[in-house]
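So the chains spell out like this:
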Amino acid sequence: MKPFDKKNPFKAPEGYFEEFDKNLFEKLSREDSAIPKKEGFKLPDGYFDSLSDKLQQKLKEDQQNKVIPLKSYKKYYYAVAAMAAILVVALTLNLNKTNEISFDDLAQSDIENYFNQNELDLTSYELAEVMPISELEMTDMFDSSFSEENVLDYINENTDYFDELNLEDNE
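What counts and what doesn't
Residues numbered from 1 in each chain as written. Predicted model: local features only at pLDDT ≥ 70, side-chain atom pairs only at ≥ 80, totals over all residues. Heavy atoms only, no water. Phe/Tyr/Trp six-rings, centres within 6.5 Å; stacked < 30°, edge-to-face > 60°. Lys NZ or Arg CZ within 6 Å of the ring centre and 35° of its normal. Patch = residues over 30% accessible without salt bridge, like charges linked within 9 Å, V, L, I, M, F, W, Y side chains within 5 Å. Areas by Shrake-Rupley, 256 points an atom, 1.4 Å probe, with all protein chains shown as cover. Salt bridge = Lys/Arg side-chain N within 4 Å of Asp/Glu carboxyl O. Helix = DSSP H or I, 4+ residues; strand = E, 2+ residues; numbered from the N terminus. Buried < 20%, exposed > 50% of the residue type's maximum accessible area, 1.4 Å probe, protein only. pLDDT = per-residue confidence, 0-100.

This part is about the packing of aromatic side chains. This structure, assessed with the given rule, holds four aromatic pairs. Measuring from ring centre to ring centre gives 6.2 Å for Tyr73 and Tyr76, while their planes differ by 45 degrees; the resulting arrangement is tilted. Here a set of aromatic residues connected by ring pairs shows up, and it is made of Tyr16, Phe17 and Phe20. Sitting above the plane of the Tyr76 ring, Lys75 keeps its charged end 6.0 Å from the centroid.

Right under this line is the structure:
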């Protein structure tokens, strides 16, 4: 930004404002001036006398006429109503959908945790009756990744009597 220049480049001629009004009246009094000598507009006689009556009459006529707005908002109302209806239908359809949980949705760990937390006092025979045999494979029994130490530790910790294991005497 440039610094402000304190010198004013515009100057009025000397004595200009002292004789300004005199020069203005001289230019207006000339016949070739741009200001017309006659008034350009003329009011009819008695115009202001009957003006209030005419205005009152026009106001009464305007009150009887129906006012038609330039911009109709009906189409906007219809659009908003349609959006609201679609929203209500979409929400009711989504709320009525319930995901039914089946036994297949449960994880194996959840089932084991349930049996560990709730003592159901089921015997191995009762569990065998519930367990479907058709889904078992013989190789499932052999492919165990248990080490002997882990099995023996588990037996020592979780059995009170050795006879509960139903093991044969020769083992």
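A surface patch of nonpolar side chains, amounting to about 740 Å² of accessible area, comprises Tyr16, Phe17, Phe20, Leu24, Phe25, Leu28 and Ile35. Of note, Phe25 is situated in helix α1 (residues 20–29). Residue classification places Phe25 among the exposed residues on the basis of a relative accessible area of 58%.

Of the residues in the protein chain, 86% have a pLDDT of 70 or more, and the chain-wide mean is 77. Element-level pLDDT for the protein chain is lowest in helix α6 (residues 138–142), with a mean of 67, against a maximum mean of 88 in helix α3 (residues 74–96).

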